Amino acid sequence: MDYLSELNPAQRQAVEATEGPVMVIAGAGSGKTRVLTYRIAHLINKGVDAFNILALTFTNKAANEMKERIAQIVGPSEARNIWMGTFHSIFARILRQEAERIGFPRDFTIYDTQDSKNLIKTIIKEYGLDDKIYKPGLVLSRISAAKNNLISVEDYKKSVNLIAEDRQSAKPKLVDIYDTYQRRLMKSSAMDFDDLLFKTNILLAKNPDILVKYQHQFKYILVDEYQDTNFSQYLIVKQLAAAYQNICVVGDDAQSIYAFRGANIQNILNFKKDYPDAKIFKLEQNYRSTKNIVNAANSIIELNKEQIKKEVWTDNEEGNKIEIYKASSDNEEGKIIANIILEQKLSKQLHNYDFAVLYRTNSQSRAIEETLRKKNIPYKIYGGTSFYQRKEIKDLLAYYRLAINPNDEESLKRVINYPARGIGKTTLDKISVAAVNSGKSMWEIIANIRNAGLGLNNGTLNKVSAFADMIKSFNVQVATTEAYELGNQIASTSGILKELYADKTPEGISRYENVQELLNGLKEFSETQKKIDPEKTPVLPDFMQDVALLTDQDNETDEDRDKVTLMTIHASKGLEFPYVFIAGMEENLFPSQMALHSRADLEEERRLFYVAVTRAKKQCYLSYATQRFKWGQQIYCEPSRFIDELNPLYIEHKYPVNRAKQTLGKESETRKSTPITPPKNLKKVSEIKSNPQESAFNLPISVGSLVEHQKFGVGEVLELENGKASINFKNAGKKQLLLKYAKLKLIS
DNA sequence: GTATTATCTAAGTCT
DNA sequence: TAGATAATAC
């Protein structure tokens, strides 16, 4: 395949300059992924062993797609050997391999943000501190920032500045929390997200033999989205690339949107300083969007001060202007979007997957979701509460985690009394105090509860040791029993399946289905693994290895194909859609209220807007609402400054005709009447019912009618007055019900 | 020890 | 509004 002929001169140069440091500044839609894939394929075609290539991407999904495309050029067996994935997943893999060098077991657990927050909460309580001052989220983000800048506990203690800052903000104990937090992670054989990078740095810095080993393994290093790397990531790459200097970074300073996570835009701005003889290529031709979109996007980003100069242009058609819609509320905004989707689909013969709705915050998804559901437009949501964050999934995964690593304290606390087995707070407190006092993990106490001398009564002792025995029995099988078999066994032995099966409410049924879905996933995993390597039994730890690092995007199924995409702008990075809506273009929302205080923050918001607009290929729509619900309260909003910042040449204000029924008191019509949230991004949403539980509003009910209510049973209607009914239920007595809300069935 | 009810508070973006 | 936690009753 003659891939080189598919490249423009700048792209081709970037692909062919395989030796030495290279930086590719890739404007939005300029074929960055193409350059990366062809560059890797080119390396392999030139005789480089795939095993010697390290490619760090921003999402696992991006990595997998790239691998597939490379496989088409060089063949699947070669492509499989490339080390390609996110920073977190690649270095988690390496840390497992070298675990003993940093004093961790190979099967360490990866704590997600919730686990970390819970642990911090526990520590704050143990210190007897006020969690109104020491807010767990804030404490965690401070610790996280420290780690991303490679500031260890010892460094922190020595830093006059940091200590002074903490004193200033009335949190002098912060460093002690940091200290304890790290110790507790260690005791739980766990690492948080930041540790994966932090400990990699330590591993490489403290073990010259290991550093040399990986330097020679990764002769060629590629980093995608370099503008979003933080100091910790930057240093890993720098250490690894030091021997051969065959490092290629690709990025766009204009799309740097992760400063809040420690990303340092200076990494890309300073590349030339780190590697003075670096070759720099600029990709400036946009192949994705219309002239109008590209020009509009350029007119935004021009306002930013800090940037590498470049001129993004396109040969594509002129296209339509960016349309701007004003809505009276967040629900109205959803309706406008839904109507445009329906109209466009009809007039242009489009698919649902041609559309994406982007927003600044996850909380905005609900209003849009509601209207799409009402109009029977299938959609999928990324982010928010993802599959792996659902309670029932986390519960089962906690058992899996515990089976693999019983020291995992957060999992232990999560399931020791779920399903309820009579081990309550008092007992748990005793165990946890004993653990802290003896320097042991909670599991070590529990595993030996009869000798712990906690003064528990016999009944409790039996319950605790029965639990411990169960976990032990899982634990001995972990290394040998086939993954799906053990996973299934755990699901039933633990009682989780039974517990969920017993719940026949719609939510309960969906929870049960979700767990089945997880088990299916596990089964599928086992089977694929067996196909790849029939010699080896796939075990649970293989499956669990980077479950904590998976996101919704990695979990896509075929059924998700023809749906409108809903996601945050952050999540949309690297993606493209023909028709893009950007909702919530309002001051204090976008730009976020918290970004108004500093120029740097505001510039990041502006880059975020740039990213959003440049996702669109054919048409981009902006919308804002003059009122919006926040915390159940209506607040007034003003249009975003970003609308004014767009060059008026490329935009057009639209005023949609108000649809038919503009009833007053539409409160109930728009807000209420939404039944249970359906399984959001889950498989089963395919058939969306607009309004399955009809309200009783339209039933021909009169005084004397016999009706049946879901909860109260059968009753007789005594009185009827403007939508309100007073009903005498046989079992539940007399009740006042609003027909609008009550779900009644007419019997006679 | 457990289930139910009342009260509080959160929503800024992500691996 | 909704989920998390504290208070209360059983």
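In the block above lies the structure referred to throughout.
The rules behind these values
- Residues numbered from 1 in each chain as written.
- Chains lettered and ligands numbered in written order.
- Predicted model: local features only at pLDDT ≥ 70, side-chain atom pairs only at ≥ 80, totals over all residues.
- Heavy atoms only, no water.
- Near = heavy atom within 4 Å.
- Polar contact = N/O pair within 3.5 Å; in protein donor to acceptor, adjacent residues only side chain to side chain.
- Axes fitted to C-alpha atoms, helices over the stretch in contact; angles between N-to-C directions.
- Helix = DSSP H or I, 4+ residues; strand = E, 2+ residues; numbered from the N terminus.
- Parallel < 35°, antiparallel > 145°, perpendicular 65-115°, else oblique.
- Left-handed = near helix turned anticlockwise from the far one by under 90°.
- Contact = heavy atoms within 4.5 Å.
- Nonpolar A, V, L, I, M, F, W, Y, C, P; charged D, E, K, R; others polar.
- Pairing = 2+ DSSP bridges.
- Phe/Tyr/Trp six-rings, centres within 6.5 Å; stacked < 30°, edge-to-face > 60°.
- Buried < 20%, exposed > 50% of the residue type's maximum accessible area, 1.4 Å probe, protein only.
- Lys NZ or Arg CZ within 6 Å of the ring centre and 35° of its normal.
- Disulfide = S-S within 2.5 Å.
- Salt bridge = Lys/Arg side-chain N within 4 Å of Asp/Glu carboxyl O.
- Right-handed = clockwise from strand over helix to strand, strands pointing away.

J.: Whenever I open this one, the protein's contact with DNA strand B confuses me. Can you help?
T.: Neighbouring residues of DNA strand B: 23 residues in total, closest Arg-261, Arg-360, Asn-362, Gly-422 and Thr-426. One of the side-chain nitrogen or oxygen atoms of Ser-363 is found 3.4 Å away from a base nitrogen of DNA strand B. One of the side-chain N or O atoms of His-570 is found 3.3 Å from a base oxygen in DNA strand B.

J.: How should the packing of helix H1 (residues 9-16) against helix H2 (residues 32-45) be read in this particular structure?
T.: Geometry of a packed helix pair, given as the angle between the helix axes and the separation of the axes. Between H1 and H2, the shortest axis-to-axis distance is 8 Å and the interhelical angle comes to 40°. Here H1 is positioned oblique relative to H2, judged by the angle of their axes. Between H1 and H2 the crossing geometry is right-handed. Contacts from Gln-11, Ala-14, Val-15 and Glu-16 in H1 reach Val-35, Tyr-38, Arg-39 and His-42 in H2. Of the residues in the contact of H1 with H2, the class split is four nonpolar, two polar and two charged.

J.: Is there a simple way to think about the protein's contact with DNA strand C in this case?
T.: All residues adjacent to DNA strand C are Lys-121, Arg-366, Trp-631 and Gly-632. Backbone atoms, meaning sugar and phosphate, make up 38% of the atoms of DNA strand C lying within 4 Å of the protein. One of the side-chain nitrogen or oxygen atoms of Lys-121 is found 3.1 Å away from a phosphate oxygen of DNA strand C.

J.: Can you help me understand the sheet that holds strand S19 (residues 651-654) in this one?
T.: Hydrogen bonds between backbone groups are what pair the strands of a sheet, and the pairing can be parallel or antiparallel. Reading across the sheet, the seven strands line up as S13-S14-S12-S15-S16-S11-S19 and stay open at both edges, with parallel pairing between neighbours. What marks the edges here is a single partner per strand, and that holds for strand S13 (379-381) and S19. Strand-to-strand, the axes of this sheet are offset by a mean angle of 25°, without reference to chain direction. Of the pairings in the sheet, the one linking strand S11 (residues 322-327) to S19 comprises four bridges and is parallel in character. Paired with Glu-323 across the two strands is Glu-652, which belongs to S19.

J.: What's the story with the packing of aromatic side chains in this structure? I'm lost.
T.: Here the structure, examined in full by the defined rule, presents 21 aromatic pairs. Here the aromatic rings of Phe-104 and Phe-108 are separated by 6.2 Å at their centres, their planes lie at 80°, and the arrangement is edge-to-face. Classification of Phe-104 by relative accessible area gives buried; the value is 6%. Looking at Phe-108, the relative accessible area reads 2%, which means it is buried. Positioned above the aromatic ring of Tyr-258, the side-chain terminus of Arg-261 is 4.5 Å from the ring centre.

J.: Please clarify how the packing of helix H23 (residues 458-477) against helix H24 (residues 483-493) should be interpreted in this entry.
T.: Put simply, H23 and H24 touch, their axes get as near as 11 Å, and they point 175° apart. On the basis of the axis angle, H23 is roughly antiparallel to H24. Residues Met-470, Phe-474 and Gln-477 of H23 touch H24, and the partners they reach there are Leu-486, Gln-489, Ile-490 and Thr-493. Of the residues belonging to the contact of H23 with H24, the class tally is four nonpolar, three polar and no charged.

J.: Where do I start with the sheet that holds strand S8 (residues 279-283) in this structure?
T.: Spatial strand order, S3-S2-S6-S7-S1-S8: six strands in an open sheet with parallel pairing. Unpaired on one side and paired on the other, strand S3 (83-86) and S8 mark the two borders of the sheet. Strand-to-strand twist across the sheet, computed as the mean angle between neighbouring axes with direction ignored, equals 15°. Relative to strand S6 (residues 220-223), strand S2 (residues 53-57) runs parallel, the two being bridged by four bridges. Looking across to S6, one finds that Leu-56 is bridged to Val-223. The strands touched by helix H3 (residues 60-74) within the sheet are S2 and S3, with S3 carrying the most contacts at an inclination of about 150°.

J.: How should the pairing of strand S18 (residues 633-636) be read in this particular structure?
T.: Of the pairings in the sheet, the one linking strand S17 (residues 627-630) to S18 comprises four bridges and is antiparallel in character. Within the sheet, the bridge partner assigned to Phe-629 lies in S18 and is Gln-634. Following S17, the chain reverses through two residues before pairing antiparallel with S18; Trp-631 in that reversal takes a positive phi of roughly 55°.

J.: Would you mind showing me how to read unusual backbone geometry here?
T.: Note: most peptide bonds trans; most residues except glycine with negative phi. Pro-419 follows Tyr-418 through a cis peptide bond whose omega is -5°. Position of Pro-419 relative to the elements: it lies in the loop between helix H20 (409-415) and helix H21 (425-438). Residues Phe-590 and Pro-591 are joined by a peptide bond in cis, for which omega reads 5°. For Ala-170, which is not glycine, the phi torsion reads 60° and is therefore positive. Of note, Ala-170 is situated in the loop between helix H9 (160-168) and helix H10 (174-187). Of note in this structure, Ser-189 is not a glycine but carries a positive phi near 50°. Here Ser-189 is to be found in the loop between H10 and strand S5 (190-191). With a relative accessible area of 8%, Ser-189 lands in the buried category.

J.: Please clarify how the state of the cysteines should be interpreted in this entry.
T.: By definition, a disulfide links the sulfur atoms of two cysteines through a covalent bond. Tallied over the entire structure, the rule returns zero disulfides. For Cys-620, which is in no disulfide, the shortest distance to another cysteine sulfur is to Cys-637 and amounts to 20 Å. Given the relative accessible area of 1%, Cys-620 is considered buried. Under the relative-accessibility criterion, Cys-637 is labelled buried at 14%.

J.: Please explain the pattern of salt bridges as it appears in this structure.
T.: Two side chains that carry opposite charge are able to pair once their charged atoms sit near each other. In the structure shown here, the tally under the stated rule is 41 salt bridges. Residues Lys-530 and Glu-482 are paired through a salt bridge, measuring 3.1 Å at the closest nitrogen-oxygen approach. Taken as a pair, Lys-530 in helix H26 (residues 506-532) and Glu-482 in the loop between H23 and H24 lie far apart in primary sequence, 48 residues in all. Among the ionic pairs, Arg-641 bridges to Glu-587, the shortest N-O distance being 2.8 Å. Residue Arg-641 is located in helix H29 (residues 641-645), and its partner Glu-587 is located in the loop between strand S15 (577-582) and helix H28 (599-613); the two are separated by 54 residues in the primary sequence. For Glu-587, a relative accessible area of 18% corresponds to the buried category. Through salt bridges with shared partners, a single ionic network connects Lys-32, Asp-224, Glu-225, Asp-228 and Lys-573.

J.: Help me understand the pairing of strand S16 (residues 616-625), please; the structure alone is not making it clear to me.
T.: Look at any regular strand and the pattern is simple: side chains alternate between the two faces of the sheet. Across the 10 residues that make up S16, a large majority, eight, are buried. As paired elements, S11 and S16 share five bridges and run parallel to each other. Bridge pairing in S16 links Ala-327 to Ala-625. Running through H28, the crossover from S15 to the neighbouring parallel element S16 is right-handed.

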